[in-house]
Amino acid sequence: MAEEQTRYSRLAQITKLINTKLDLREVLEHVVTAISEEIMRCDSVGIYLPREDGTYQGYVGKPALINGMTLDMHIVDPEQDNLAKEVIETGRAIYIPDTSKDERPDQRAVKAFKINSLLVAPISYAEELYGLVFLFDYGTPMNLTESEIETVQAYINMAAVAIRNANSLSRKERLIADKQMLLNVTRELSHCSSLQEALDKCFHYLGGILNNPNIGAHFIDPAAEHNLQPASLSKDSEWTEEDWKNTHTRVAFNHREDAVFQEVIQTKKSIFIPDVDKDERVHHEICRQFGIRGLYMIPLVSLGEVLGAIAVVDLTEERGVYSASVRQLAESIVDATAPVLFNLIYIEKQEMIIHERTSELSSKNAELEEAITELRQLSREKDLILNSAGEGIFGLNLDGRITFANPSATSLLGYKGEKEMIDLPYSHIFAWEASGMEPPAQFIEIYEEKRDQLTQDHFFFTVNGTIFPVEYVINPQKEGQKTVGYVVTFKDVTSRKQMEEKIKYHAYYDSVTNVPNRVLFQDRLYQALSYAQSNSRPMAILFLDLDRFKKINDTFGHSFGDSVLKEVAKRLQRAIPKEATVSRQGGDEFTILLPVIEGTEDAVICAQKILRSFDEPFLIQEQEVAMKTSIGISIYPDNGENAETLIKHADAAMYKAKGLSGNQFQLFSAGSDTKAIEQIQLENDLFKALQRGDEFELHYQPKFDLRTDQLIGAEALIRWDHPKLGLLSPSQFIPLAEETGLVTILGEWVIEQTCKQMKNWYDSGQQSLVISANLSPQQINQKALVPFVEMVLKDTGLPPHNLELELTENLIIHNTEQTLKTIAELKNLGVQISIDDFGTGYSSLGYLKDFPVHTLKIDKSFIDDVTTNPNNAAITKTIITLANSLHLNAIAEGVENEEQARFLREHGCNWVQGYYYSRPLPADRFEENFLQLLRNEVD
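Source: prediction; values computed, not measured.

Draft legend 1. A look at the confidence of the model for the chain. Confidence in the prediction of the chain, expressed as mean pLDDT, is 80, and 84% of residues score 70 or more. Confidence over residues 222–230 falls short of pLDDT 50; this stretch has 16 contacts with residues more than four positions distant or in other chains. The low-confidence segment residues 451–455 (pLDDT under 50) makes 3 contacts with residues lying over four places distant or belonging to another chain.

As structure tokens, then:
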């Protein structure tokens, strides 16, 4: 009896807590305490409340810790715990006295907590489940009686009432908060003045309640698409709006083909898909592109019309689950937003219509005002047009007398004003004879015949009787169908005629030299041939090519070269007979036509006179340039009877003259063209040899220190082992390589092979030697030179200081800006720079202070007579002194005897190379003669 009174007292206390304090956790703690004290044999009591994913989580219980775990760390999953599942489904308590004989409980929990007996009861009220209660022991079995179970159930019922009351209160509070939020949303939306502002409000509130900022809107309303973006993205999204839209474009998203979007639009109901991988309606490729794991789509509906949809996407691995109440609130926010969007769209649509109508009215008003203005100014504009027209305009009556004239007409014709021209007859204006026409009897004939005179040149008289070229048009003045006069419109075409003459001139004359070009030369040649054939007279063609002109262009630049060509043309014109024609064929080639000669001797005399005219150097831009030419001569009819053959044979003879050291003439002979063909064949062979790369080899000429007679390095010199012609020296093919542009490729091959060979010698112990290679003018002008050298040094592993590159003096002093930059970059790599042919340049030596060079190479032309020619000796000593003063090395090339070596040693030139020491040798011979000796000395 005492126990029942205690139980009733506890129930009354719990009831009081429920009705007054309403603190759910405290009430449930009292329930747990009451159950644990009623059932003394119970080791643990726990109350579990439901979660949104269908599982149950510990809320309150005794003891607070079991096996080091707090109760809220324990989750009951009905899918894993069949006992809990059965209690939920049946709605009644289940007691298991011995868990070892029952498989329904979650065996993981039974083993973990060593549960012997177990009671699971539902916390329910009015058939609504609020949670689960677990009682178990892990010592002595509880051995519950029916009375004890009923007692437990009584306390559970109190727990159900407490949870229901708490839930009701929470629901009421949540509903109040949700209503307040909807009121706030509605109020703030009502203040929005643009679609984007309204969408931003919607995105803000949706992101807050869903705890997800990845929200976008898609519109299908045509009015919205007219002036708005077809879609908009939340500012807080993990995507930028630009990337989001670009991805839509890339994957070609089409809402008409998207099943989920269409279902939302057609049903006007939202769709929530927690896991897109498990739903066939989803466009999985688009989800993959966007990284979408979950999708929640809500329609935008206003007045039964669908504007589009709001899409909320889950991009995380842990896919979010939204409760029904949260989804209901989200959809309410979207429902509140849709009418605002609809109204804003409607307003923009109306504003657009009003704007278009207003624009139309404004346009019509403007047109009306313009028409009125035009009517008012019509008369005035007529006068203005006549007076301001650049073309001359005058009127004629049917008798052909002038009725009016505008200022341009009086000015062009030389009259002081219109009054002087009034009533003049048309014959005072039209210059019939100059225009190649017969004077008409009546002016009407001019009008009728004008259409047949379009190809003629027409001329007008000025007031003083002079004529000038014109273009004119005659139009009749009509009143109805009757012609009452004529209007003549004309313009002075003097400038155009002059331009036509200038264009005609340039069509037949070379723009650089102003001598006849190839076209005019051919025309005069055909005329000369026709005359020669008709009169059985000989004639001659001279074909000229300037010697080493390409070096002028490479050294001084093309502008300088053009100036040389102009002077050459002037000298040629002075040197030939008056009836002869000088023509520039192109580049540095000229042809001379001698249309009338008595015999071959006349052509030879002309060629000799031309050669003598080149004796004096050319003075170009205060720079003296020695220029020579090679001349080929062909005679009609001995060397050909047509223009093509004569020019070809003169060209072949010129190549023969050039092959004989140049600066001379050659008459065509049967073998002359063979030499030209050989030259072309050699050019083709050179191109093929560069493609194969196995016909070239390097020879090495040693360099010595006079003070110690020690080898200090070598110069790499290229040789061509031609399959048919044998070993060719550079002088036989380098000029051809320069002329064809192949020298750059050849130069790169030399640098690469030189570095490879030097690296082999370096690895064998010759680490103090410096190998040198020559650079052509075309190479130094290549922007890719420095990167190429850097790459070769890196690939071969050769230290940069073991490589020396040689540049000619003329190349350096005439390309300072670009050359200085290139040399500085090469020096920064560590490569040494030498100036070859030093002393042969024509410019100031002041450039030396600016160029980062290491060595001056004294040209062989000074060394040849250094012991016998005082001038050469003085120049050589000056170069040595200059090098020592600038802390540069000086090396003499072309040393061929002991006397030359002794002179150089006595005057401080310590480095030499030349035949006195050795000719250039192949790599194996060079090693045998010089490097093996060095190795023996080291050993």
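Draft legend 2. Inspection of helix α29 (residues 870–885) at higher detail. Compared with the 22 Å implied by 1.5 Å per residue over 16 residues, the 22 Å span of α29 between its first and last C-alpha is a close match. Of the residues that open α29, the one with a side-chain oxygen 2.9 Å from the backbone nitrogen of N871 is N869. At the exit of α29 stands H887, carrying a positive phi of roughly 60°.

Draft legend 3. Spatial organisation of the nonpolar core. If you look at the biggest cluster of nonpolar residues, it comprises 72 residues, and the most contacted ones within it are F696, Y700, V789, L803, L805, L904 and F926. No other element matches helix α23 (residues 743–763), which puts 8 residues into this core. Aside from chain neighbours lying at most four places away, what touches Y700 is A714, E715, A716, Q753, Q757, W761, I771, R919, P920, L921, A923 and F926. Formed by 36 residues, the second largest nonpolar core is a distinct cluster that contains F556, L572, C606 and F614.

Draft legend 4. Structural context of the packing of aromatic side chains. This structure, assessed with the given rule, holds 22 aromatic pairs. Taking 5.0 Å as the distance between ring centres and 20° as the angle between the ring planes, the aromatic pair formed by F704 and Y917 counts as stacked. Of the two residues, F704 is situated in strand β26 (residues 696–705) and Y917 in the loop between β34 (911–912) and β35 (921–922); the sequence distance between them amounts to 213 residues. With relative accessibility at 10%, the residue F704 sits in the buried group. For R919, the ring lying beneath its charged end belongs to Y915, and the centroid distance is 4.0 Å.

Draft legend 5. Structural detail: the environment of R327. Relative to the helices and strands, R327 resides in helix α11 (residues 324–388). A relative accessible area of 25% places R327 in the partly exposed class. Residues R327 and F272 lie 55 residues apart in sequence; the distance between their C-alpha atoms is 8.9 Å. Residues in contact with R327, not counting those within four places in the same chain, are F272, Y296 and Y322.

Draft legend 6. Spotlight on unusual backbone geometry. In the segment running from K62 into P63, the intervening peptide bond is cis, with an omega of -10°. Relative to the assigned elements, P63 resides in the loop between β2 (56–62) and β3 (65–66). The omega torsion across Y636 and P637 is 5°, close enough to zero to call that bond cis. In the Ramachandran plot, K114 falls in the positive-phi region, its phi being about 55° despite a non-glycine side chain. As for its position among the elements, K114 is in the loop between α4 (107–113) and β7 (117–125).

Draft legend 7. Summary view of the sheet that holds strand β15 (residues 402–405). Taken in spatial order, the 5 strands make up an open sheet running β15-β14-β18-β17-β16, and their pairing is antiparallel. A strand with exactly one partner marks an edge of an open sheet, and here the two such strands are β15 and β16 (458–461). Looking at each pair of strands side by side, their axes are set apart by 40° on average, direction ignored.

Draft legend 8. Structural detail: the pattern of salt bridges. The full count for this structure, using the stated rule, is 24 salt bridges. The residue E471 makes a salt bridge to K491 at a minimum N-O spacing of 3.9 Å. Here E471 is found in strand β17 (residues 467–479), whereas its partner K491 is found in strand β18 (residues 482–492), with 20 residues between them in sequence. Across the salt bridge formed by E715 and K857, the nearest N and O atoms sit 2.8 Å from each other. Taken as a pair, E715 in strand β27 (residues 710–722) and K857 in strand β32 (residues 855–858) lie far apart in primary sequence, 142 residues in all. Of the two residues examined, E715 and K857, each falls in the buried class. The structure contains a network of salt bridges with shared partners spanning K703, E715, E804, E806, K857 and E893.

Draft legend 9. Up close: the sheet that holds strand β8 (residues 128–137). Sheet architecture is open: 6 strands sit in the order β5-β2-β1-β8-β7-β6, paired in antiparallel fashion. Of all strands in the sheet, those with a lone pairing partner are β5 (75–76) and β6 (94–96), marking the two edges. Where β6 meets β7, 3 bridges bridge the pair, whose relative direction is antiparallel. What sits directly across from Y95, in β7, is L119. Strands β1 (44–50), β2 and β8 of the sheet are contacted by helix α2 (residues 24–38), whose axis makes an angle of about 60° with β2.

Draft legend 10. Region of the structure containing the pairing of β26. Within β26, 9 of the 10 residues are buried, which leaves it mostly tucked inside the rest of the structure. For β26 and β27, the ladder comprises 10 bridges, and the chain directions are antiparallel. Within β27, the residue paired with H699 across the bridge is L717. Once β26 ends, the chain turns through 4 residues before running back antiparallel as β27, passing D709 with a positive phi of about 55°. By the bridge criterion, 2 bridges tie β26 to β35 in an arrangement that is antiparallel. Bridge assignment links Y700 to a residue of β35, and that residue is L921. Across 2 bridges, the pairing between β26 and β34 is antiparallel.

Draft legend 11. Here's a closer look at the pairing of strand β19 (residues 539–546). The buried fraction of β19 amounts to 8 of the 8 residues, a majority that puts the element mostly inside the structure. Sheet analysis places β19 next to strand β24 (residues 629–636), joined by 8 bridges and oriented antiparallel. Note that in β24 the partner of A540 across the bridge is I635. With 6 bridges joining them, β19 and strand β21 (residues 589–594) adopt antiparallel strand pairing.

Draft legend 12. Broad picture of the environment of I75. Looking at where I75 falls in the secondary structure, it is placed in strand β5. Overall, the relative accessible area of 33% leaves I75 in the partly exposed class. Taking the C-alpha atoms as reference points, I75 and L49, separated by 26 residues in sequence, lie 9.7 Å from one another.

Draft legend 13. Representation of the side chain of N406 in the model. Here N406 is to be found in the loop between β15 and α12 (407–413). Of the polar contacts made by the side chain of N406, one reaches the backbone nitrogen of A409; its length is 2.9 Å.

Draft legend 14. Quick peek at the environment of T881. Residue position: T881 is located in helix α29. Separated by 26 residues in sequence, T881 and H907 have C-alpha atoms that sit 8.6 Å apart. Here K877 takes part through its backbone oxygen, which lies 2.9 Å from a polar atom of the side chain of T881.

Draft legend 15. Focus on helix α20 (residues 643–659). Across its 17 residues, α20 extends 24 Å between first and last C-alpha, which sits within 8% of the 24 Å expected from 1.5 Å per residue. Among all positions in α20, only A643, L646, I647, H649, A650, A652, A653, M654 and A657 are buried. Where α20 starts, the residue carrying a side-chain oxygen 3.3 Å from the main-chain nitrogen of E644 turns out to be N642.

Draft legend 16. Representation of the packing of helix α16 (residues 518–535) against α20 within the structure. For the pair α16 and α20, interaxial distance at closest approach is 10 Å and the crossing angle is 110°. Comparing the axis directions of α16 and α20 gives the class roughly perpendicular. The element α16 and its partner α20 pack so that their crossing is right-handed. Across the interface between the two elements, F521, Q522, L525, Y526 and L529 of α16 pack against A643, L646 and I647 of α20.

About the criteria used
Residues numbered from 1 in each chain as written. Predicted model: local features only at pLDDT ≥ 70, side-chain atom pairs only at ≥ 80, totals over all residues. Heavy atoms only, no water. pLDDT = per-residue confidence, 0-100. Contact = heavy atoms within 4.5 Å. Helix = DSSP H or I, 4+ residues; strand = E, 2+ residues; numbered from the N terminus. Expected span 1.5 Å × (residues − 1). Polar contact = N/O pair within 3.5 Å; in protein donor to acceptor, adjacent residues only side chain to side chain. Core = buried A, V, L, I, M, F, W, Y, C linked by side-chain atoms within 4.5 Å. Buried < 20%, exposed > 50% of the residue type's maximum accessible area, 1.4 Å probe, protein only. Phe/Tyr/Trp six-rings, centres within 6.5 Å; stacked < 30°, edge-to-face > 60°. Lys NZ or Arg CZ within 6 Å of the ring centre and 35° of its normal. Pairing = 2+ DSSP bridges. Axes fitted to C-alpha atoms, helices over the stretch in contact; angles between N-to-C directions. Salt bridge = Lys/Arg side-chain N within 4 Å of Asp/Glu carboxyl O. Parallel < 35°, antiparallel > 145°, perpendicular 65-115°, else oblique. Left-handed = near helix turned anticlockwise from the far one by under 90°.

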